[in-house]
Amino acid sequence: MAAVALPDWLEPQALINGNWVPARDGSCFAVVNPATQQVIAQVAECGAGETAAAIGAASNAQADWARRPAKDQALLLRRWFDLVMAHQEPLAQLLTLEQGKPLAEARGEIAYGASYIEWFAEEAKRIYGDTIPAPGADKRIITLKQPVGVVACITPWNFPNAMLARKIAPALAAGCTVVCKPANETPLSAFALAHLAQQAGIPDGVINVLCGKTEEIGRALTSSTEVRKLTFTGSTRVGKLLAADCAATMKRTTMELGGNAPFIVFADADIDAAVAGAVASKYRNAGQTCICANRILVEDEIYDEFAAKLTHQAEAFVLGHGSDEQVTMGPLIHQGAAAKVADLLSDAVAQGARLKHGCGPSELGSGFVEPGVLIDVTPQMRITQEEIFGPVAPLLRFSSEAEAIDLANATQAGLAAYFYTADAARMVRVAEALEYGIVGINEGIVSNEMAPFGGIKESGNGREGSRYGLDDYLEIKYLCIGGIGSA
């Protein structure tokens, strides 16, 4: 198929030390529009050699970047933020082209990603050490916070702009430099971000971006002694492999891994508000988010009413190509993702679950899945035990607060959870009992740059965003000054 024309400012090559370069062997891979299966671009297919060059560039640039006054770093990050927002529309169109989400959602992602750049531009000026009371009058104890060093950033395809901005911004604010590996499905948004960072004046070598031979690049990053931290957003399976590889060089890691979010609706909740929250959480990006509602637990006495209202909302979605302004849900990222959803649905229906609406394939193509609701779901079904990553809302019943908590916690995932109730005492009890890093209470949208994002258990470690988001990019150095005595 013929390639689609890209913006003339976009370079579909690797960014290494400020230069846009092809793969050393000249190889490329195709990036495909998931809605049309049309080739968008041929992108440089890099491997271990290019990764080593990118690591070297980041290592050489790191000391100079770290020595810059925080105010200067903050100014450059702010310029980057301004450029991203000035290019919000072309960035959103590019994102929709390679990822498939509707333009309205893509515009929201650009603004969301940019908010992290703005936030950490401000936080760069607030990296404080401490003076600590000493054990004797002749000593002084001081702590400094210094950058970890070179950081490897590996990001997924579901939020190709925001996930990368959420990693690069705190790294640069802390004085680190980065080597970034975006997902091969959606590398163009990463290249566009890096191009705007160059335009903002961020020095050569501070941001390096390449993709291609995923395993080769990953091994080069994890084995390098120059890379001192790896931050990854993706599946739990891959996160475990990366963490194990990082152990050989004792790298710091931040792992934002898979979820299995419960969405609990108690009988005393505002049902309409709960339905709206479930729709916002479950169906955003066609269900392809790590914190979307994966299991909707509804108390017995309101189960049927909730199911009916949620189904009505699911029926209102307009499925189609994301570039159409009337469309409210796009395709899944590829046919394999749609096949996985179909497999989970088949398993659930075979065990007694019933389709309330949708959930099946669409006439639009093999990558499209009709948004829908699945009722009479039980905890034993795979669809409640695995991350769906599709627009299917499985509804389970519960009859008591204790049962709801037990069902919610019956997973090794611990990223996000949600619950709706009007009982203030229950808000406290349930929030404290849920084994999750993020809890939404009467709220279905929880992500923002001011709050710490991250999970517990097998959903990972570390936090992104907020003032806590700098901690994983900083080392604490303790200075003990002796021999002070008295004058």
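A. Representation of unusual backbone geometry. A positive phi angle, close to 55°, is found at Met250, a residue other than glycine. Turning to its location among the elements, Met250 is positioned in the loop between helix H8 (236-247) and strand E11 (252-256). You can call Met250 exposed: its relative accessible area is 64%. For Phe389, which is not a glycine, the phi torsion comes out positive at approximately 55°. Note on placement: Phe389 falls in the loop between helix H12 (382-385) and strand E18 (392-398).

B. Examining the nonpolar core more closely. Judged by nonpolar contacts, the single largest core of 71 residues is most densely connected at Ile264, Ile296, Phe306, Leu310, Ile383 and Leu395. Each residue touching Ile264, except ones within four places of it in the same chain, is listed here: Leu297, Phe398, Ala404, Ala408, Tyr418, Phe419, Tyr420 and Leu434. The next biggest cluster of nonpolar side chains, apart from the first, holds 65 residues, and it includes Leu10, Leu76, Leu94 and Phe159.

C. Structural detail: a nonpolar patch on the surface. A contiguous nonpolar patch, built from Leu144, Leu479, Ile481 and Ile484 and spanning about 270 Å² of accessible area, is present on the exposed surface. You can see Leu144 is positioned in strand E6 (residues 140-147). Overall, the relative accessible area of 34% leaves Leu144 in the partly exposed class.

D. Focus on the pairing of strand E17 (residues 372-375). Side-chain alternation along E17 places Gly372 and Leu374 on one buried face and Val373 and Ile375 on a second face that is also buried. Sheet topology note: the strand E14 (residues 354-357)/E17 ladder contains 3 bridges and is antiparallel. Bridge pairing in E17 links Leu355 to Leu374. Pairing geometry for E17 and E18, over 3 bridges, is parallel. The residue of E18 that forms the bridge with Gly372 is Val392.

E. Spatial organisation of the pattern of salt bridges. Across all of its chains, the model carries 25 salt bridges by this definition. Measuring nitrogen to oxygen at the nearest pair gives 2.6 Å for the salt bridge that ties Lys101 to Glu109. By relative accessible area, Lys101 is classed as buried at 2%. Put simply, Asp272 and Lys309 hold a salt bridge, and the shortest N to O gap is 2.8 Å.

F. Highlighting the sheet that holds E14. Across the sheet, 7 strands lie side by side as E14-E17-E18-E13-E12-E19-E20; this open sheet has mixed pairing. Across the chains shown, the open sheet's two edge strands, defined by having one partner strand only, are E14 and strand E20 (438-441). With strand direction ignored, the average angle separating the axes of adjacent strands in the sheet is 25°. In the sheet, strand E12 (residues 261-265) pairs with strand E13 (residues 293-299) via 5 bridges, with the strands oriented parallel. Bridging from a neighbouring strand, Ala261 pairs with Ala293 of E13.

Rules used in this analysis
Residues numbered from 1 in each chain as written. Predicted model: local features only at pLDDT ≥ 70, side-chain atom pairs only at ≥ 80, totals over all residues. Heavy atoms only, no water. Helix = DSSP H or I, 4+ residues; strand = E, 2+ residues; numbered from the N terminus. Buried < 20%, exposed > 50% of the residue type's maximum accessible area, 1.4 Å probe, protein only. Core = buried A, V, L, I, M, F, W, Y, C linked by side-chain atoms within 4.5 Å. Contact = heavy atoms within 4.5 Å. Patch = residues over 30% accessible without salt bridge, like charges linked within 9 Å, V, L, I, M, F, W, Y side chains within 5 Å. Areas by Shrake-Rupley, 256 points an atom, 1.4 Å probe, with all protein chains shown as cover. Salt bridge = Lys/Arg side-chain N within 4 Å of Asp/Glu carboxyl O. Pairing = 2+ DSSP bridges. Axes fitted to C-alpha atoms, helices over the stretch in contact; angles between N-to-C directions.

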